[in-house]
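One-letter residues, chain by chain:
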Amino acid sequence: MLSDQIDVTSVALIVCGFAGLFLLWFANRNRRLPPGPFSLPWLGNLLSLDADAPYLSLAKFAEKFGKVYSLQFGSVPCIVISDANIMKEVFSLENASGRAPLYLTHGIMEGYGLICSEGKFWKEQRLWVSGVLKQILKGRDIGAEIGE
């Protein structure tokens, strides 16, 4: 009899715990993002994407939520822009062209390197690398190396 009460109490505590976590997750979602489909805690919208043709899922979301909508990939919020003119306008802004804070870019590489850096530091590195590549290309006969 006592074990039945403990089991019911344990189950009730676990259910209440998960409900509390879900409410915390729901309350902490970023309300400043564009509209988008409902996402699950920790998984986001990963299960709502077609694994074989994710572009079709994204196209359906664009039909339903408009040219700009938001998705969650795991715990990472993403904004999807499905219009070329809007994309050009957004990426012309300096503060919209940064890198996502991923483990590779900010954890391992610490924001350094041509692929991981951004802003002024990226521009300086890009100029340096393109200058070095031009020097290399000027000094070598690329056609002979390819076998032409």
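Residues numbered from 1 in each chain as written. Predicted model: local features only at pLDDT ≥ 70, side-chain atom pairs only at ≥ 80, totals over all residues. Heavy atoms only, no water.

**Details of the overall build of the protein**
Rules: The way it works is that DSSP assigns letters per residue, a run of H or I at least four long becomes a helix, a run of E at least two long becomes a strand, and they are numbered from the N terminus. Burial classes follow relative accessibility: with a 1.4 Å probe on protein chains only, a residue under 20% of its type's maximum area counts as buried, one over 50% as exposed, and anything between as partly exposed. Note on contacts: a residue pair qualifies if any of its non-hydrogen atoms lie within 4.5 Å across the two residues.
Tallying secondary structure elements over the protein gives six helices and two strands in all. The order of α-helices and β-strands along the protein, N terminus first, is α-α-β-β-α-α-α-α. For the protein, with 148 residues in total, the buried portion stands at 16%. The long-range fraction of contacts in the protein, counting pairs at least 24 apart against all pairs at least 6 apart in sequence, stands at 33%.

**Structural notes on the environment of Leu71**
Along the chain, Leu71 turns up in strand E1 (residues 68-73). For the pair Leu71 and Pro34, spaced 37 residues apart in the sequence, the C-alpha separation amounts to 9.1 Å. Not counting chain neighbours up to four residues away, the residues in contact with Leu71 comprise Pro37, Asn45, Leu58, Phe61, Val76, Pro77, Cys78 and Val80.

**Quick look at the pattern of salt bridges**
Side chains carrying opposite charge are able to pair once their charged atoms draw close together. For clarity, the threshold we go by: Whenever a carboxyl oxygen of Asp or Glu lies within 4 Å of a side-chain nitrogen of Lys or Arg, that contact is scored as a salt bridge.
Taken as a whole and assessed by the stated rule, the structure comprises one salt bridge. A salt bridge links Lys67 to Asp83; its shortest N-O distance comes to 3.7 Å. Of this pair, Lys67 sits in the loop between helix H2 (54-65) and E1 while Asp83 is found in the loop between strand E2 (76-81) and helix H3 (84-91), placing the two residues 16 residues apart along the sequence.

**Some points on the environment of Leu33**
As for its position among the elements, Leu33 is in the loop between helix H1 (2-27) and H2. Taking the C-alpha atoms as reference, Leu33 lies 6.4 Å from Ser70; in sequence the two are 37 residues apart. Once you skip the residues sitting within four places of it in the chain, Leu33 turns out to touch Ser70, Gln72, Pro77 and Ile79.

**What to know about the side chain of Asp83**
This is how it is decided: We define a polar contact as two N or O atoms separated by no more than 3.5 Å, with the added condition that, inside protein, one atom must be a possible hydrogen donor and the other a possible acceptor, whereas residues neighbouring each other in sequence contribute only through side-chain atom pairs.
Overall, Asp83 belongs to the buried group, its relative accessible area being 16%. At a separation of 3.0 Å, a polar atom in the side chain of Asp83 contacts the main-chain amide nitrogen of Ile86.

**Points about a nonpolar patch on the surface**
Cut-off, in case you're wondering: Patches here are clusters of residues that have more than 30% relative accessible area and form no salt bridge, with a 9 Å joining cutoff for like charges and a 5 Å cutoff for nonpolar side chains (Val, Leu, Ile, Met, Phe, Trp, Tyr). Only the protein chains shown count as covering a residue, and every accessible area follows the Shrake-Rupley method with a 1.4 Å probe.
There is a patch of nonpolar side chains on the surface, built from Phe38, Leu40, Leu43 and Leu47 and spanning about 400 Å² of accessible area. Along the chain, the position of Leu40 falls in the loop between H1 and H2.

**Considerations on H2**
Note on helix geometry: an α-helix contains 3.6 residues per turn, so any two residues three or four positions apart are oriented the same way. Stated formally: Here, expected helix span is obtained from the residue count minus one, scaled by 1.5 Å. By definition, the arc is the one covered by directions from the helix axis to the C-beta atoms.
With twelve residues, H2 should cover 16 Å at 1.5 Å per step; its first-to-last C-alpha distance of 16 Å lies within 8% of that length. If you check which residues of H2 are buried, you get Ser57, Phe61 and Ala62. When H2 is viewed along its axis, its buried side chains cluster within an angular range of 145° and face the same direction. Among the exposed residues of H2, those oriented more than 90 degrees off its buried face are Tyr55, Lys60 and Glu63. On its buried side, H2 packs onto E1. Just beyond H2, the residue with positive phi is Gly66, at close to 105°.

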